[in-house]
Each structure stands twice: as C-alpha cells, then as structure tokens.
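Now for the letters of each chain:
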Protein chains: 2
Amino acid sequence: MALYRQVKHELIADIQSGKFQPGKALPNETELAQRFGVSIGTLRHAVDELVADHVLLRQQGRGTFVGQQDNDRFMYQFFKIEGRDGLREFPQIRLLAFDTARASAEEAQALGLRGAARVFRIENVLSLQGRPVVHDRIALSCTLFARLTRAQFEQRPGTIYELYQRAFGVTVVGADERARAEGADAASATLLQLAEGTPVLRVARVAHTFDRQPAELRISIIDTRAHEFVSSASATP
Amino acid sequence: MALYRQVKHELIADIQSGKFQPGKALPNETELAQRFGVSIGTLRHAVDELVADHVLLRQQGRGTFVGQQDNDRFMYQFFKIEGRDGLREFPQIRLLAFDTARASAEEAQALGLRGAARVFRIENVLSLQGRPVVHDRIALSCTLFARLTRAQFEQRPGTIYELYQRAFGVTVVGADERARAEGADAASATLLQLAEGTPVLRVARVAHTFDRQPAELRISIIDTRAHEFVSSASATP
DNA sequence: AAGTGGTCTAGACCACTTG
DNA sequence: AAGTGGTCTAGACCACTTT
C-alpha cells in the first residue's frame, strides 16, 4: 500500500482518538514528516487528500487545522436548502421529540445494523425567516452514540454534527442523498402549515464518517413553495 | 500565478482547440513536461486536477486520455436518477420537439444571455424499463451552438454531451442543480401518464464548461413513484 | 523489453501571517 | 525576523500494460 495512504490513515486515527482536536493546529509539516518518517512531499500528499475532504484545513502562513463542524461548514457542506432567490440562511431548529426504538427495516439497512438493534429517533422542525420549512426525522445507532441524552441534544452549543464530533468522536465527512416528491402526510402537513397532500420534497440522507461508515439517517420533508434543494458538482477553477 | 495552473489552462486550451481529441492519448508525461518547460512534478500537479474533474483520464501503464462524454461517463456523472431499489439503467430517449425562440427570463439568466438572445429549445421524454419517467426541456444558446440542427440532434451517435463536445468543442465539466416538488402540469402529466397535480420532482440543471461558463439549462420533471434523484458527496477512500 | 503512469525523496525558494 | 504552508525541481525506483 502506498506510503501516503498509510500516513493519511494515521492522521485520521489521530483525529478520531482525539490526539488532534477539532479547531486546533497540527504540528508543522516538516515535523509531521519527520514523525512519520517520510519526506515532505509524501506528507503533503496525505494532507492534500484530507484537505480535499474538508477534514483538515490549511492556511498559508498560519498552519494546518482539524476541520470543525461549526455553523459555517454545516451551511456550506451539508445544508443544501436555499430560497428560490438564492439566499441562504441559518435555520432556527426546534426539537419536537427524542426517543429510542427498535430500528425499522429502512433504518437498519441505511445504518448497517442488525434487525434487532436500537436507534435514537429525533424529530426537528427547521424554520427559515420565521416560517417552518423542513420537517426532519433523524435516526442514530444507540451503539455508536451510546449514552446520548435529550438534554445533551437540546443544550448543545453548536451544530448537531459538532456534537457528534466532540462528544462521540464521529466526524461526518460525506453524505448520500436520495430525493423524491410526495404528498405531505398529516404530521408533516400540520408542522409545515400545509394542506395534506401538497407536493413536498422528501430527501433521505445517510451521513457517513471515514471509510463510508454510516453514522446518521435523516429524512427531510421540505416545503418547496419558496425554497429549493441545491446540489452542485463543479470543477476546480 | 502558479506555474501548474498555467500548464493546466494550456492543456484545457489544447482540448478545446481540438489539438487533443476526446478519447485519444496525450503525449507521455516526460514529453509534456519538456514541451511546457516544467518539471515532471509540476506537470503532474496540473494533470492531477484535470483528472479530478474527469476532463482527463489516467491509466497506469497505458497513458493519459482526454475524457469522453460517452454513455458510461454520462451515467456516472450526470444521470442521477435510479430506481428506489438502487438499480441504474441507461434511459431510452425520444425527441418531442426542436425549436428556436427568444430566451425567457429564466433561460437568459441561467445561460448568461442578454434578454433578446435566441435559444434552441429541445424537449425529450426519457423512459426506463419501457415506462416514461422524465420529461426534459433543454435550452441552449444559439450563439454557442451555432448551426445546430434537428437532424444533428436526432441522429447523434452517442450522448447529448458527446455531441456538444465533438461538434461544438463544448466540454461539460460540472452542473448546478436545484430541486423542488410540484404538482404535474397538463403537458408533463400526459407524457408521464400521471393525473394532473400528482407530486413530481422538478430539477433545474445548469451544466457548465470550464470556468463555470454556462452551456445548457435543463428542466427535468421526474415521476418519482418508482425512481429517485440521487446526489452524493463523499470523501476519497 | 520497452513504455507508461504512480510513488517517493531531499532539498530550494516563494508567499503569507504573526509577533 | 521567524515560522508557516505553497510551489517547483531533478532525479530514482516501482507497478502496470503492451509488444
């Protein structure tokens, strides 16, 4: 196996173990290269890939930092809803429910769990400009997020993914999403102040950590009368 | 400006000018490096980025090739509709209409045209497993695609993007997409064999070439009773 | 065997940020 | 001025494909 890949996975391990903390600077490149016993070019090759995945962040003249799942990154990487006019806004989030239950078939499949496994179920409503726009239902493995509490969830200082990262060492690095249109069911219709059956967008997102390990399933029901779901795949400039 | 970026743009220019043909091999890396007067590392840095954008394709031991907009690449990079079971299939495409008209406000804005500019309007129905699933309306600038004919469009051997690439030197390298749910209008409902008002997915895609120059606006109306629109953002393994 | 891309080295110098 | 990442060089050797 290529050397730079080993270095990359050692860096990932150091992040997951908490040796390198989110937001903190790594040692400089020459020191890291010496520590891993590789040349600077090889060390940079490894760091390059982690920077491309938003796991690390380089700033010329300042240093290399462990990426934080803060509001900025959440908005830019995972929150893909914006107004039809293109305006983006940080949503106001209200927690509706927090339970545990046996995983449904869809949850077990998405999260890679056995049929009998238990999951946390969390329900949120997200508002933009004071109006409810998204109804989120989240499922998390009780094994991966052991001892998660409602209080922890409600009183978190930052984003949900920041909580995953700081309290459970789970760094979300990507997501697979599947979208379809459907008529709003009774529950979503009430929450989003719509007539039942109104066309809404349903997005199922499986967020995953390193090696595509699934970490979270989220079903978002979106009122697209004034907002849209955006997705972009663009070349480097 | 960094040297490798200049090299990258010289390579792009050579592809756009037709000096390097789609599907053909480039000269080997040492020769390219000499030709551009840079070291092999710098040449590789430039090629690395073009490979990441799927513009070039490297195969160890064989060479470096100009990426072709063939069926495989189309399916993998731009056709994001698959069955709920995850099955992907190449669609059967039927041309419904081919016209020119003054650009609408939405078309002019998406394609970066003045209000009075003319566009080609093309309408397709895409079928999967013999059933109509997607109603596509495409708008192209008459300036960028000068002298495009209906016959050219109907009798193209490969994908639409392959036609853009071979006949007009337009290499599509990315796309921005915006999705929302709406009730099917009369035209789409008939084509997709739905009741009018049935929830359907509406995806507006602006495909662009190098430097994010817009090349195509496509409005897709998708019947998501058996299919979904997929979108993935994942870290390198 | 010859030719290709893939990896790795050990430096040099530049551009930027901070004290 | 000192410390950081960003770019570039000129080579060596490896892994893979083709002839």
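In what follows, the structure referred to is the one given above.
Being a predicted model, the structure only gives us computed values, none of them experimental.

1. Concerning the sheet that holds strand β3 (residues 81–83) of chain A
As summarised here, the arrangement of the 8 strands in space is β3(A)-β10(A)-β7(B)-β8(B)-β9(B)-β6(B)-β5(B)-β4(B), forming an open sheet in which the pairing is antiparallel. With one partner strand each, in any of the chains shown, β3 of chain A together with β4 (92–102) of chain B form the two edges of the open sheet. Ignoring which end each strand starts from, the neighbouring axes of this sheet average 25° apart. Here 10 bridges tie strand β7 (residues 174–183) of chain B to strand β8 (residues 199–208) of chain B, and the two strands are oriented antiparallel to one another. Each bridged residue has a counterpart across the sheet, and for A175 of chain B the counterpart in β8 of chain B is A207 of chain B. In this fold helix α7 (residues 160–168) of chain B packs onto β5 (118–128), β6 (131–141), β8 and β9 (214–222) of chain B, with an angle of close to 170° to the strand it touches most, β9 of chain B.

2. Some details on the relation of the copies chain B and chain A
With an RMSD of 0.0 Å, chain B superimposes on chain A once it is rotated by 180° and translated 0.0 Å along the axis. In short, the pair behaves as if placed about a two-fold rotation axis. When the interface residues of chain B are mapped onto chain A, 100% of them are again interface residues, pointing to one common binding face.

3. Digging into the nonpolar core
Formed by 68 residues in total, the largest nonpolar core has its most connected members in L148 of chain A together with L148 of chain B. Those residues within four positions of L148 of chain A in sequence are excluded, and the remaining contacts are F98, F120, I122, L140, F153, L163 and F168 of chain A.

4. So, the protein's contact with DNA strand C
Taken together, 19 residues lie around DNA strand C, and L3, S39, T42 and R62 of chain A together with N28 of chain B are the ones closest in. In the interface set of DNA strand C, defined as its atoms within 4 Å of the protein, sugar plus phosphate atoms amount to 81%. The separation between a phosphate oxygen of DNA strand C and a polar main-chain atom of Y4 of chain A is 3.1 Å. In this structure, a phosphate oxygen belonging to DNA strand C sits 3.0 Å away from a side-chain N or O atom of R44 of chain B. Listed by contribution, the elements that provide at least two residues to the surface near DNA strand C are α1 (3–16) of chain A together with β1 (56–59) and β2 (63–66) of chain B. Taken together, the residues of the surface near DNA strand C sort by class into 4 nonpolar, 10 polar and 5 charged.

5. Focus on the sheet that holds strand β10 (residues 227–233) of chain B
With antiparallel pairing, 8 strands are arranged side by side in an open sheet as β4(A)-β5(A)-β6(A)-β9(A)-β8(A)-β7(A)-β10(B)-β3(B). Two strands in the sheet have a free side with no partner beyond their single neighbour: β4 (92–102) of chain A together with β3 (81–83) of chain B. Going from strand to strand, the sheet's axes swing by 25° on average, the running direction of each strand aside. Sheet topology places strand β7 (residues 174–183) of chain A next to β10 of chain B; 5 bridges connect them, and they run antiparallel.

6. A few points about α1 of chain A
Residues and elements named next belong to chain A. Compared with an ideal rise of 1.5 Å per residue, which puts 14 residues at 20 Å, α1 spans 20 Å between its outermost C-alpha atoms and is within 8% of the ideal. Looking at α1, one finds that the buried residues are Y4, V7, K8, L11, I12, D14 and I15. Along α1, the residues classed as buried sweep out an arc of 160° about the axis, all on the same side. Close packing links the buried residues of α1 with α2 (29–36), α3 (40–52), β1 (56–59) and β2 (63–66). Where α1 ends, the next residue or the one after it, G18, has phi of about 90°, a positive value.

7. Looking at the pattern of salt bridges
All names here are of chain B. Enumeration according to the criterion identifies 40 salt bridges over all chains in this entry. We note a salt bridge from R212 to D176, for which the minimum N-O separation is 2.7 Å. Placement of R212 in the loop between β8 and β9 and of D176 in strand β7 is noted, with a sequence separation of 36 residues between them. Among the salt bridges present, the one from E177 reaches R205, with a minimum N-O distance of 3.6 Å. Pair noted here: E177 is in strand β7 and R205 is in strand β8, with a separation of 28 residues, a long-range link.

Calculation notes
- Throughout, residues of each chain are indexed from 1 in the direction in which the sequence is written.
- By the order in which they are written, chains take letters starting at A while ligands take numbers starting at 1.
- This being a predicted model, a pLDDT of at least 70 is required before a residue's local features are given, and a value of 80 or more before pairs of side-chain atoms are given or counted; all residues contribute to the totals for chains, interfaces and linings.
- Hydrogens are left out, water is left out, and the side-chain values use all remaining heavy atoms of the structure.
- Pairing between strands is defined by DSSP: at least two bridges between them are needed.
- Each helix is a run of H or I in the DSSP string that is no shorter than four residues. Each strand is a run of E no shorter than two, and both are numbered from the N terminus.
- Helix axes are fitted only over the stretch in contact, all axes being lines through C-alpha atoms; the angle between N-to-C directions runs from 0 to 180 degrees.
- Contacts were defined at the residue level, with two residues in contact if any of their heavy atoms lie within 4.5 Å.
- Residues reaching a pLDDT of at least 70 in both copies supply the C-alpha atoms on which the copies are superposed by least squares.
- The nonpolar core is taken to be a set of buried Ala, Val, Leu, Ile, Met, Phe, Trp, Tyr and Cys residues, with the residues joined through side-chain atoms within 4.5 Å.
- Working definition: with a 1.4 Å probe on protein chains only, accessible area under 20% of the residue-type maximum means buried, over 50% means exposed, and in between means partly exposed.
- Any residue with a heavy atom positioned within 4 Å of a molecule or strand is treated as near that molecule or strand.
- Here a polar contact is recorded for every N or O atom pair within 3.5 Å, except that within protein the pair must consist of a potential hydrogen donor and a potential acceptor, and residues adjacent in sequence are included only if both atoms are side-chain atoms.
- By the convention adopted, Pro, Cys, Tyr, Trp, Phe, Met, Ile, Leu, Val and Ala count as nonpolar, Lys, Arg, Asp and Glu as charged, and the other residues, Gly among them, as polar.
- Expected span, for any helix, means 1.5 Å times one less than how many residues it has.
- For this quantity, the arc is that covered by the directions from the helix axis to the C-beta atoms.
- Note on definitions: salt bridges are taken to be side-chain nitrogens of Lys or Arg within 4 Å of carboxyl oxygens of Asp or Glu.

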